[in-house]
Amino acid sequence: MSRVRMVPVLVIAIVTLGILFGAWQGYQQYRLIAPLQAELSKIPGVESVTINRSPSDTVVIQLGPVQTLVNHDLQSTYNEIQNDVIGTLGSGESIILKDKSDQTLTLDYESLQPIIFEGLNHGTYTQMIANVEKAAAKEGIQARVTMDYHNIYIQLQQGSHYLYDFHAYRLGQGGAVQ
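Residues numbered from 1 in each chain as written. Predicted model: local features only at pLDDT ≥ 70, side-chain atom pairs only at ≥ 80, totals over all residues. Heavy atoms only, no water.

(A) Summary view of the packing of aromatic side chains. Tallied over the full model, the rule gives 5 aromatic pairs. Ring centres of Tyr-125 and Tyr-169 lie 5.7 Å apart, and the angle between their planes is 50°; this geometry places the pair in the tilted category. In this pair, Tyr-125 sits in helix α4 (residues 125-138) while Tyr-169 sits in the segment after β6 (161-168), placing the two residues 44 residues apart along the sequence. Here a set of aromatic residues connected by ring pairs shows up, and it is made of Tyr-78, Tyr-153 and Phe-166. (Phe/Tyr/Trp six-rings, centres within 6.5 Å; stacked < 30°, edge-to-face > 60°. Helix = DSSP H or I, 4+ residues; strand = E, 2+ residues; numbered from the N terminus.)

Below you can see the structure in the form of structure tokens.
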């Protein structure tokens, strides 16, 4: 019986694992991440895209002022982003939208949140939207609130600053999803 030398076997195993790991990383970068970044960058309003694969899939998207686009708002932009991401990565990802807000706009948004959550809790959606837009206008803020079956989308703009947020909710069951 011939004796197997451990050092050459370990070296071959390590080199093989290195090659396989490198090939997997290359596949992810050039077949998954790069095409997804290119596809997301085509969406109107998207300024930059960063995809982090570890520890969990996170897609960070810097948005520009979407309300100035014709027939495009935060809701339609988010839905396009979500469809592209889910189509490529699956449904286990998280999407983070970056905006260009400042401290004043953030504080003003915090003062509008009770109106939003009260409207969601009571199911008075049209009144909530009207109240948010009216309260924002008093502060000199352009506000747009839209909804679909799953989320409420809030767009605020004041001067060159804009803030985007969305909340999941259950239609007809009152309240935001935690």
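On we go.
(B) Main features of the packing of helix α3 (residues 103-122) against α4. Taken N-terminus to C-terminus, the directions of α3 and α4 make an angle of 170°; their axes are 8 Å apart at the nearest point. By the angle between their axes, α3 is roughly antiparallel relative to α4. Only Tyr-125, Met-128, Asn-131, Val-132, Ala-135 and Ala-136 of α4 make contact with α3, whose side of the interface consists of Leu-112, Ile-115, Ile-116, Gly-119 and Leu-120. Of the residues contributing to the contact of α3 with α4, the split by class is 9 nonpolar, 2 polar and no charged. (Axes fitted to C-alpha atoms, helices over the stretch in contact; angles between N-to-C directions. Parallel < 35°, antiparallel > 145°, perpendicular 65-115°, else oblique. Contact = heavy atoms within 4.5 Å. Nonpolar A, V, L, I, M, F, W, Y, C, P; charged D, E, K, R; others polar.)

(C) Molecular detail of a nonpolar patch on the surface. On the surface, Val-7, Val-11, Val-15 and Ile-19 cluster together into a nonpolar patch covering about 380 Å² of accessible area. As for its position among the elements, Ile-19 is in helix α1 (residues 6-41). On the basis of relative accessibility, which here comes to 57%, the residue Ile-19 falls in the exposed class. (Patch = residues over 30% accessible without salt bridge, like charges linked within 9 Å, V, L, I, M, F, W, Y side chains within 5 Å. Areas by Shrake-Rupley, 256 points an atom, 1.4 Å probe, with all protein chains shown as cover. Salt bridge = Lys/Arg side-chain N within 4 Å of Asp/Glu carboxyl O. Buried < 20%, exposed > 50% of the residue type's maximum accessible area, 1.4 Å probe, protein only.)

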